[in-house]
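Given next are the chains, with one letter for each unit.
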Amino acid sequence: MSRLLIVAACALVDADGRVLIARRPADKTLGGLWEFPGGKVEAGEPPEATLIRELHEELGIEVDPACLAPLSFASHAYDDFHLLMPLWVCRKWQGIVEAREHEALKWVRPNRLRDYPMPPADAPLIPALIDLL
């Protein structure tokens, strides 16, 4: 049985209803693919705390836990682990979004998200965002 990895992801939504996606660095696993920001949930850490930490580290923004709304999740079996990825939506944050750990950032209309190559676990989250927005 493969190990279970929990990764919390966030769909930041701007005032125009666009969703932020970030391109993974070329030298990382799944490099060059677009993803929703977030990161691995550490042992004993609530996923919301993971998101607040990761959004600060990756994008330089501050998020209040009350501004995170759970939307959907993905469950995907990779070769050496199984990924469970809950997705939250956030429409309000403090600071200016900047790429600190990604090659690029892009604000995309939900119905255009499929135009960007994504890791297998991210793509199934798109329909929920299209329905919501």
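Refer to the structure above for everything that follows.
Keep in mind it's a predicted model, so treat the numbers as computed, not measured.

What counts, and at which threshold
Residues numbered from 1 in each chain as written. Predicted model: local features only at pLDDT ≥ 70, side-chain atom pairs only at ≥ 80, totals over all residues. Heavy atoms only, no water. Helix = DSSP H or I, 4+ residues; strand = E, 2+ residues; numbered from the N terminus. Buried < 20%, exposed > 50% of the residue type's maximum accessible area, 1.4 Å probe, protein only. Pairing = 2+ DSSP bridges. Expected span 1.5 Å × (residues − 1). Arc of directions from axis to C-beta. Contact = heavy atoms within 4.5 Å. Axes fitted to C-alpha atoms, helices over the stretch in contact; angles between N-to-C directions.

## Focus on unusual backbone geometry
You will see that Leu-30, though not glycine, has its phi angle at about 60°, which is positive. In this fold, Leu-30 is placed in the loop between strand S2 (19-23) and strand S3 (34-35). On the basis of relative accessibility, which here comes to 32%, the residue Leu-30 falls in the partly exposed class.

## Examining the pairing of strand S1 (residues 3-12)
With seven of ten residues buried, S1 is to be regarded as a mostly interior element. Where S1 and strand S6 (residues 81-90) come together, eight bridges link them in parallel fashion. Along S6, the bridge assignment pairs Cys-10 with Trp-88. Sheet topology places S1 next to strand S4 (residues 38-40); three bridges connect them, and they run antiparallel. Among the inter-strand pairings, Ala-9 is bridged to a residue of S4, identified as Gly-38.

## Side note on the sheet that holds strand S7 (residues 104-108)
Judged by pairing direction, the sheet is antiparallel, and its three strands sit side by side in the order S3-S2-S7 without closing on themselves. Every other strand in the sheet has two partners, leaving S3 and S7 as the edge strands with one partner each.

## Thoughts on helix H1 (residues 47-59)
Helix length check: H1 (13 residues) gives 17 Å between terminal C-alpha atoms against 18 Å at 1.5 Å per residue, within 8%. Taken as a whole, H1 has its buried residues at Thr-50, Leu-51, Glu-54, Leu-55, Glu-58 and Leu-59. Buried residues of H1, viewed axially, fall in a sector of 125°; they line one side. Next to the buried residues of H1 lie S1, S2, S4, strand S5 (68-77), S6 and S7. Of the residues one or two after H1, Gly-60 is the one with positive phi, at around 75°.

## Re the sheet that holds S4
The strand order S4-S1-S6-S5 describes an open sheet built from four strands, whose pairing is mixed. The sheet terminates laterally at S4 and S5, the two strands that pair on one side only. For this sheet, the mean inter-axis angle between neighbouring strands, taken without regard to orientation, is 20°. Running over the sheet, H1 touches S1, S4, S5 and S6 and is turned about 120° from S4.

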